[in-house]
Amino acid sequence: MSALKDYKYNEEEDGELPSLVTGTESDLNDILNHVKSDGGINIVSEDKIARTNLQNSNSDNSTTSSRKIPVSIITGYLGSGKSTLLEKLAQKGSDKKIAVILNEFGDSSEIEKAMTIRNGENSYQEWLDLGNGCLCCSLKNVGVKAIEDMIQRSPGKIDYILLETSGIADPAPIAKMFWQDEGLNSNVYIDGIITVLDCEHIVKCLDDVSEQTHWHGDQVVLEDKLTIAHLQIAMADRLIMNKLDRIENDENKIMKLEQRIRSINSEVPMFYTKFADIGIDKLLDLHAFDARNVPQEGGSGSTFHDPRMSTVTLNFRPLKTQEYDKFEKEFLQVLLWKEMGVCNDNIQGEVHRTKGLLLVDDKVRVLQGVRDTYEVFDGEETSSRTCRIVFIGKSLDQKSIADLLHNVIK
Ligand SMILES: Nc1nc2c(ncn2[C@@H]2O[C@H](COP(=O)(O)OP(=O)(O)OP(=O)(O)O)[C@@H](O)[C@H]2O)c(=O)[nH]1
Ligand SMILES: [Zn+2]
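Note that residues are indexed from 1 along each chain, following the sequence as it is written. Whichever chain is written first is A, and whichever ligand is written first is 1; the rest continue in order. Note on the predicted model: pLDDT of at least 70 is required for a residue's local features to be given, and 80 or more for side-chain atom pairs to be given and counted; whole-chain, interface and lining totals, by contrast, use all residues. Only hydrogens and water are set aside; all other atoms, that is, all heavy atoms of the structure, feed into the side-chain values.

*Asks:* Any chance you could explain the sheet that holds strand β12 (residues 309–316) here in plain terms?
*Replies:* What holds strands together in a sheet is hydrogen bonding between their backbones, with the strands either parallel or antiparallel. By definition, two strands form a pair when at least two bridges between them are found by DSSP. Under the scheme used here, helices are H or I runs from DSSP no shorter than 4 residues and strands are E runs no shorter than 2 residues, and both carry numbers assigned from the N terminus. Pairing is antiparallel in the open sheet, where 5 strands are placed in the order β12-β16-β13-β14-β15. At either margin of the open sheet sits one strand with a lone partner, and together these are β12 and β15 (373–378). In this sheet, adjacent strand axes meet at a mean angle of 10° when their direction is disregarded. As judged from the 8 bridges shared by strand β13 (residues 350–360) and strand β14 (residues 363–370), these two strands associate in the antiparallel manner. Among the inter-strand pairings, L359 is bridged to a residue of β14, identified as V364. Two residues form a contact once any of their heavy atoms are found within 4.5 Å. Angular values range over 0 to 180 degrees, each being the angle between N-to-C directions of two axes fitted as lines to C-alpha atoms, with helices fitted over their stretch in contact. Along the sheet, helix α12 (residues 321–336) contacts β12, β13, β14, β15 and β16 (387–394); its crossing angle with β13, the most-contacted strand, is approximately 170°.

*Asks:* How do you make sense of a negative patch on the surface when you look at a structure like this?
*Replies:* Together, D361, D362, E380 and E381 make up a region of like negative charge exposed at the surface. Tracing the backbone through its elements, the reader meets D362 in the loop between β13 and β14. Patch rule: a residue counts if its relative accessible area is over 30% and it has no salt bridge; like charges are joined within 9 Å, and nonpolar side chains (Val, Leu, Ile, Met, Phe, Trp, Tyr) within 5 Å. All accessibility values rest on the Shrake-Rupley procedure with a 1.4 Å probe; residue burial counts only the protein chains present in the view. The rule for a salt bridge is simple: a side-chain nitrogen of Lys or Arg has to be within 4 Å of a carboxyl oxygen of Asp or Glu. Charge counting follows a simple rule: Lys and Arg are positive, Asp and Glu are negative, and His as well as the terminal groups are ignored. Think of each charge as sitting on NZ of Lys, CZ of Arg, CG of Asp or CD of Glu.

*Asks:* What is the right way to look at the packing of aromatic side chains in this model?
*Replies:* In this description, an aromatic ring pair is defined by two values, namely the gap between the centres and the angle between the planes. In this analysis, rings of Phe, Tyr and Trp, with Trp reduced to its six-membered ring, are considered paired at centre separations within 6.5 Å, and the interplanar angle assigns stacked below 30 degrees, edge-to-face beyond 60, and tilted for intermediate values. This model, assessed by the stated rule, comprises 5 aromatic pairs. Where F316 meets F327, the ring centres are 6.0 Å apart and the plane angle is 35°; that geometry is what we call tilted. You can see F316 sitting in strand β12 and its partner F327 sitting in helix α12, a full 11 residues away along the chain. With respect to burial, F316 and F327 carry one shared label: buried. For the ring pair F331 and F391, a centre distance of 6.0 Å and an interplane angle of 65° mean the geometry is edge-to-face. Taken together, the residues F331 in helix α12 and F391 in strand β16 connect sequence positions 60 residues apart. Classification of residues uses two cut-offs on accessible area relative to the type maximum, computed with a 1.4 Å probe and protein chains only: under 20% is buried, over 50% is exposed, and between them is partly exposed. Residue classification places F391 among the buried residues on the basis of a relative accessible area of 0%. Ring pairs connect the aromatic residues F316, Y324, F327, F331 and F391, which therefore count as one cluster.

Have a look at this one:
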């Protein structure tokens, strides 16, 4: 619907509203032949309809000339470097006007935003945060509507859409959403799926199979050899082999990694990167979906979930500078360095991803972690008055993690 259309009745433009037609008038036909209605609710004058139609034909020309907007889905396991890729692409800038859509798992997106586009000058045209929940299932309708609204809000201002999915989302149903949703179909088309891999941890993800993982939706197929990482690699039209710096001195590891990936997706172009440093030309305008149907991974409409994965979100008071060390040693490292012997046996589960906004006295500190590796750096001003940390991982227990924190910062 173009915003130009305005069918509302208004007296000076449309002339006097004829007295209510009762249907019993002798010259009924004559009356009806002289007024036009847009479906019977309002009466509008001839010249207004002519003007509206003229507007329509102009706006239709502009919409047909503004081609459909391509969407690239950026996927990849937790912490692989998707946001770093978005940040790098923003830094490099491009002649395309790019909109970013963020679909985070576990309401960490405002933390994500604080990190992704840390450098304001090349910020993105539009930023749409779909918030908590999987776009692939629960959020679908909300997601489609939000994307359509974003496009309507800025007609002609968006050339390309990059959609960063949550690290544990199955990309297939999201791709299908763009492919099959007649609403969206009119505005956008799916250009390709870009999967970012963490070269250091990806094999651990692929080995982390469990009989609990399954498809849900219209077809339940128990798959105990698949992980979400398999799907993200299988669906890739481009593979960014990120964090090369973490394995570059181990030829053997690189060779084994490549064999493993090729066993899942034999032909996808692979690009090794450090901090997702890659030319945008290698990623956009792939038209990867023009030639083929969206693969029916696990049957139509079903999506793959690993129920062991969950999020623990902690909101707590700001920290004092003198508390910070204790917080880091007796809380953070106890949680993240379990595998390295810093143990506290009543802490269950395995943290795969940590994101936090910490207020240490009046300073904003951003916490970023992937499994046992974490970093804390100065963040942008925030309206938040509390610290917030989101842990995403396997078999996490909210209560024991919250208790551990409260023991450290009474
Ligand atoms: N050593 C190293 N660290 C990297 C590289 N790329 C990204 N990182 C770091 O890895 C962490 C996670 O990066 P993000 O870009 O936030 O990962 P993500 O895929 O967006 O994470 P989620 O959105 O939580 O799934 C951050 O601390 C990055 O600075 C890299 O090539 N090498
Ligand atoms: Zn889902």
